[in-house]
Amino acid sequence: MRFSALFRPYWRQLMLGLLALITTNLFALILPRLVNMGISVIEGKKVPYFTSITSIVLAILALAVLAAIARTYSRILMFGVGREIERDVRRDVFVHLSTLSPSFYEKRSVGDLMSHMTSDINNIRMCTGFAVLNILNIVIVFAGTAPVLFSIDHQVAFAALLPFPLVMITAQALSGRMFQRVREYQASLSDLSARIQENLSGAQVVRVFHQEEAENTRFAAVNDHAFRAAIRLAKMRVVMFPLMRMMGALGVAVTLFVGGRAVVLGHIDLGDYVEINARLLQLAWPAISLGFVMSVYSRGQASLARMNVLLEARPEIVGGALPAPKQVVRDSADQFFVVAHNLSVQLPQSAKPILYGVSFTVKPGEVLGVVGPTGAGKSTLTRALCREVNVARGQLLIDGQDICDWQLHALRKFVAVAPSEAFLFSASMRSNITFARPDASQDEVMEVVRMVDLTRDVDGFADGLETMIGERGVTLSGGQRQRVALARAILARPKMLILDDCLSAVDAQTQSTIVERLKQPVGDGTHTPPAMIIVSHRLSVVQEANEIVVLDKGQIVERGTHLELLTKGALYRALWGLQLLEEELG
Amino acid sequence: MPDSRIMLRLYEGLRPFLKPFVTAVLLYIPVTLLSLAQPLVIGAAVEHGFQTRNLSQVEFWAAIYLLVVILYAAAEMAQTYLMQFSGQKLVNHLRKDLFAKVQRLPMSTFDHTPLGKILTRITSDVEAVAELFSSGAVAILGDLLFLTATLLMLFLVNAKLSLSTMMVLPLLAVGLVFFRRWTRTAYMHVRVMLSSINGFLQEYLSGMPTVQLFNQVKRAEQEFSEHNANYMLANRRAIFLDSAIYSFVDAASFVTVAAVLWVGMGLRQHGALGLGVMVTFVEALNRFFQPIRELANNYAVVQSALVSGERIVEFLDQPEENVQSILPFVPVFKREIAFENVSFSYGHGSQVLHEVNFKIEHGQRIALVGHTGAGKTTVTKLLTRMYDATHGAIRIDGVDVRDFDLRRLRGLFNVVPQEVFLFQGTLRDNLRYGRMDASDDDILQAVHLCQADELLARAGGLDGALQVRATNLSLGERQLLVLARALIANPQILILDEATASIDTETERRLQVATKNLLANRTSVTVAHRLSTIVDSDRILVFHKGRLVEQGDHHALLLQNGIYAKLIELQKSEFALRPTIVPDASDAFMAAD
């Protein structure tokens, strides 16, 4: 992403803006001359073009109105371009982010991405609207004013303009440091808010440990740090702006001295002097703003560079060429198989593979149970199946086709996952459940709600399915969240359904009932039940599975049906024994 | 809330730093005077120097002008610095007050107030007040002073000329008021759009993998584009009004100058006006309009500071936890804790506890058992006075818990909650959170008893840092640390809410050992899920739908043949279905029985 490319679609608008800006400044250039003429007329001198004070006053009024219109127009056009570019950048970045793989989101915090989307985009916008307008304006104002001043009197013009380079250099020098201070201040504010957030989340702990005073002290440290950063920034501002203004006023002082001399000596008249003064005031603000504009520009550059780093991130998971699943998988259910063949998965950050040598087969309507201790690689297996992580070695085949050859879009239509800690949106219950299929009918929705045993919960809410959940609505219990996530996955009508310990917060009895329902044909019976992979800590849930694989340290150590495993599987039997003790009073 | 009351409260906060603030306000006088002097000096130079062609007079007034400019800059610097200083002090103070206030809020506040809202009070709202000082919006005072003084000066210099030229000002004022109203609604709209765009982003960036898995990327992009485009349109309107107001004021300045020329011509023809006066007027008017433009901006800042100020004051006025007590001494627990007819409901919700009666004797180990939602955790929250009973009383050695000093009452307890919470910081600070003066030896000993030595070593020892929410540790490991933390605090009464979440076998075993060590020789109340904990208890309280339905030890309860027995029965019958399949596991259960 480059600035020139960002501007390209709007060059017409920019040119018009530039034209309006030039017009504005032309009018602004003439106005002080008219005032000069007015004073000369009052002094009783002859002036060109005008005979009476009335005609000069009318001319001033007319020009003032025209200048105001042109100025309004130029600002609308230029700032408008900034806003349009802002929109483009935000859209492009979002579209780009939506292509990136989960591994990207594990590395980057949402807070960090948000700061790209807010403050960096803001900097880019300022650079494209505000900075461009001001830089052009400064150039035009100086290019217009300086020759006029020199045409009045060389010596006076030279003296009057003398302080301006000084103003610009100082502004430039200070603004860099100012930028630094602003960043320090902002960093201190974000520390502050992190501290508060933590305290709020731990409110109960603070109270039971009666650590209120200690918390106040801890907070005082960050609070005072923010104060010091604010004062350091304030000091910069305090010096910078009065200094800038003073330098502008110096020009007026020099003009009073040199210009006054010229008036006394008769080189220029009083009207000229007043005109020079008025023009100096017109120059003062652009000159002062130059420093600010420069810092806006450099901030914009820095932010664009940051943004480009984000845009250069490539998706780790790339889809293949095989299109829609119906071309691959025939509609009659029992004709496809999901086969894992000698599968290994290795994550970039780990030295050892998380999974290796894993093989299994699942058919539609069948259940594969996956059990094993924490850290055995169960979740990684489910993530490999929906291509959230890449397979390092071996193959995952669906109907004989390697899943890496599928378009991601097609694969994800085929598979749906219900994880144990699902992400739900701050939206209505309904739009969460119908997330994958917004057009699902009321009957279909009620059907899945019934399947996951949520009917009673939904009836309990005042607004039923329309109840808002999450931050702006009711807080769901862990079990409710899991069931909503499961309903969402079922409603997607996948051919393969993965339950990744997704009912751990629901009691064992209910969990078994729900799983039983999943094995029944869906809706009017036309949809055959999906192939299911159930990962669970609760062995009772997978008891009825066609096959159970026991994972330990990344590989399958035991496999078979529940009965087979109880007799020959040592690890499985151990897990089962523990489980019974655990579940006794659940 | 009237503005005056908000101002008064902000002023209260400013009081400790009144000196710099008052000095800053007083400095407006020299700043304004020095600013007014500039056109006067130029006028004098014209009158006495230019017109009489007196070069030394010109030089004299030029030197005076230079002096005025330098003094002006100095006064302005001093003035702005003091203003910023007192403003930042106020902000610092407000934040401190707000944070301390949060520590004194009752837990029930957090049930009905989103955390984000509280965060906004301490951050954004305070910053809006700070903006009042840092953007120089407080300079609105100075600007008003400057404008009034300029008008007064012009009036004194030449009443006729000033009256006739200032005719435009009312017009300008009316125009600005209208613009102001439009821009305010326009900017409000912009802010609404911006917050909806950021809300959307925050959510979808957090949930992007979910969006991708469910193939909803296209839809998300479309929705986002809509928000994005709406935001731009809202901005366009604001830009239009902003540009118009800017140009409008710009034009007004020339209109006024034109008026001066026109009226001045008339007056001069009657010989009633010196040229110096004319120049003074033109110069003064050149300087007159910048503050007017800023006035409009600053007014907006003042408005939003007032809105934020109001929210801050409201927040500070919220009811607090009732810390004050009749009996300010350390509560004594030697005999028993008694729940007497205790009923409770959260806010307007349904009743969670119904007339619960029981006693906990000193040294007893109590287990609370029952289904989810039976009211077990609520019992523990009432004990520590996170909430107060709606009816009935809880007494410790005969004294109502509401009569104790709250902090000291809580000093009796240590709670191990189900959802562990650790702070960002070193392991040492986290472990001794309940007893800040614990020595490293104390800590290490507790860590050892909880079998967490290996975990501690892996996390970098006592100086090892925990990330925010301790995400560098697994759930089970976090629980181990919290148990160690409770052991270090060594409370008289321990409240343990056992976790139900799935934890790997090895960590689970460690947790059991740690729990055993923690419960040894201590009065404890456990919301129990583990059979081992329940069987070892002195007394089991069985809750069902908010009522205490049974109590006694394991065997006594089984003999009662009530809900507890049914809970156990249910498990047994599940085994009975497959007795031959799992003989060893069944044996294990019988042994425990």
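Scroll up a little and you will see the structure.
It should be emphasised that the depicted structure is a prediction, and the values quoted were computed from it without experimental measurement.

It is not clear to me how the overall build of chain A should be interpreted in this structure. Could you clarify?
For chain A, the helix and strand inventory stands at 20 helices and 10 strands. Here the C-alpha radius of gyration of chain A, 36 Å, is well above what a compact globule of 586 residues would show, namely 25 Å. C-alpha atoms of chain A, sized along the principal axes, occupy 120 × 60 × 50 Å. Looking at the 586 residues of chain A, the share that counts as buried comes to 57%. Counting contacts in chain A only where the partners sit at least 6 residues apart, residues at least 24 apart contribute 75% of the total. Counting only carbon and sulfur atoms, one obtains 58% of the accessible surface of chain A, whose full area is about 24,200 Å².

Where do I start with the packing of aromatic side chains in this structure?
Pairs of aromatic rings are described using the distance from one ring centre to the other and the angle between the two planes. Using the criterion set out here, one finds 21 aromatic pairs over all chains in the structure. Aromatic pair Phe219(A) and Phe99(B): ring centres 4.0 Å apart, planes at 0°, arrangement stacked. On the criterion of chain membership, the pair formed by Phe219(A) in helix α9 (residues 212-265) and Phe99(B) in helix α3 (residues 55-104) is interchain, its members lying in two chains. The same class applies to Phe219(A) as to Phe99(B), namely buried. Here the aromatic rings of Phe423(A) and Phe425(A) are separated by 5.0 Å at their centres, their planes lie at 85°, and the arrangement is edge-to-face. Relative accessible area serves as the criterion here: at 3%, Phe425(A) is assigned to the buried category. Three or more aromatic residues joined by ring pairs make a cluster, and in this case those are Phe94(A), Phe423(A), Phe425(A), Phe435(A), Phe200(B), Tyr204(B), Phe214(B) and Phe224(B).

How do you make sense of the packing of helix α6 (residues 154-161) of chain A against α9(A) when you look at a structure like this?
The axes of two packed helices give the description: the angle between them and the distance between them. Residue and element names in this part refer to chain A. Where α6 meets α9, the closest approach of the two axes is 8 Å, and the angle between their N-to-C directions is 165°. In this view, α6 runs roughly antiparallel relative to α9, as classed from their interaxial angle. The handedness of the crossing between α6 and α9 comes out as right-handed. On the side of α6, the interface is formed by Gln155, Val156, Ala159 and Ala160, while α9 contributes Gly251, Val254, Thr255, Val258, Gly259 and Ala262. Tallied by class, the residues present in the contact of α6 with α9 amount to 6 nonpolar, 4 polar and no charged.

Would you explain the sheet that holds strand β1 (residues 338-345) of chain A in this entry?
The pairing of strands in a sheet happens through backbone hydrogen bonds and is either parallel or antiparallel. All names here are of chain A. Read from one edge of the open sheet, 4 strands run β2-β1-β4-β5, paired in antiparallel fashion. Each having just a single partner strand, β2 (355-362) and β5 (401-402) make up the two edges of the open sheet. Relative to β5, strand β4 (residues 393-398) runs antiparallel, the two being bridged by 2 bridges. Bridge pairing in β5 places isoleucine 398 opposite glutamine 401.

Any chance you could explain the interface of chain B and chain A here in plain terms?
By a widespread convention, an interface's size corresponds to the accessible area lost as its parts come together. With 137 residues of chain B at the contact, the number on the chain A side is 137 residues. Across the chain B to chain A interface the summed buried area is about 12,900 Å²; carbon plus sulfur atoms make up 70%. One can count 2 salt bridges joining chain B with chain A. Inspection of the region where chain B meets chain A yields 25 residue pairs in polar contact (both at pLDDT 80 or more). The element best represented in the side of chain B that touches chain A is helix α10 (residues 217-269) of chain B, accounting for 29 residues. Looking at the side of chain B that touches chain A, its residues break down into 77 nonpolar, 32 polar and 28 charged.

Definitions and limits used
Residues numbered from 1 in each chain as written. Chains lettered and ligands numbered in written order. Predicted model: local features only at pLDDT ≥ 70, side-chain atom pairs only at ≥ 80, totals over all residues. Heavy atoms only, no water. Helix = DSSP H or I, 4+ residues; strand = E, 2+ residues; numbered from the N terminus. Rg over C-alpha atoms; globule rule 2.2 N^0.38 Å. Buried < 20%, exposed > 50% of the residue type's maximum accessible area, 1.4 Å probe, protein only. Contact = heavy atoms within 4.5 Å. Areas by Shrake-Rupley, 256 points an atom, 1.4 Å probe, with all protein chains shown as cover. Phe/Tyr/Trp six-rings, centres within 6.5 Å; stacked < 30°, edge-to-face > 60°. Axes fitted to C-alpha atoms, helices over the stretch in contact; angles between N-to-C directions. Parallel < 35°, antiparallel > 145°, perpendicular 65-115°, else oblique. Left-handed = near helix turned anticlockwise from the far one by under 90°. Nonpolar A, V, L, I, M, F, W, Y, C, P; charged D, E, K, R; others polar. Pairing = 2+ DSSP bridges. Buried area = accessible area lost by both parts, 1.4 Å probe. Salt bridge = Lys/Arg side-chain N within 4 Å of Asp/Glu carboxyl O. Polar contact = N/O pair within 3.5 Å; in protein donor to acceptor, adjacent residues only side chain to side chain.

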